[in-house]
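# A look at the structure
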Amino acid sequence: MLKEDKEIIMITLINNLRNKTKIMLAAQKALIAADANYHAWVSELKPEGRKHSWMN
């Protein structure tokens, strides 16, 4: 295998890893936002200081 081919393969692998990392970070941000929205929704549902029986 030529040196240039090895370099191309390495660059491709690194770029794939970077893209996967970006996707994972975006998914993590989406989960955090969804969790915050859920907690905001739940806090609107219940009176202050009281928990519903289904919320353990």
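Whatever comes next refers back to the structure up there.
Looking at the element boundaries, M1 is found in the segment before helix 1 (3-45). Looking at M1, the relative accessible area reads 71%, which means it is exposed. Those residues in contact with M1 that sit more than four places away from it in its chain are K6 and I9.

The way to describe two aromatic rings as a pair is by their centre distance and the angle between their planes. A complete count under the given rule lists one aromatic pair for this structure. Judged by centre distance (6.0 Å) and plane angle (40°), the ring pair of Y38 and W41 falls under tilted. Remark: W41 and Y38 occur in helix 1; sequence separation between them is three residues, near one turn of the helix. The class of Y38 is partly exposed, set by a relative accessible area of 40%.

Calculation rules
- Residues numbered from 1 in each chain as written.
- Predicted model: local features only at pLDDT ≥ 70, side-chain atom pairs only at ≥ 80, totals over all residues.
- Heavy atoms only, no water.
- Helix = DSSP H or I, 4+ residues; strand = E, 2+ residues; numbered from the N terminus.
- Buried < 20%, exposed > 50% of the residue type's maximum accessible area, 1.4 Å probe, protein only.
- Contact = heavy atoms within 4.5 Å.
- Phe/Tyr/Trp six-rings, centres within 6.5 Å; stacked < 30°, edge-to-face > 60°.

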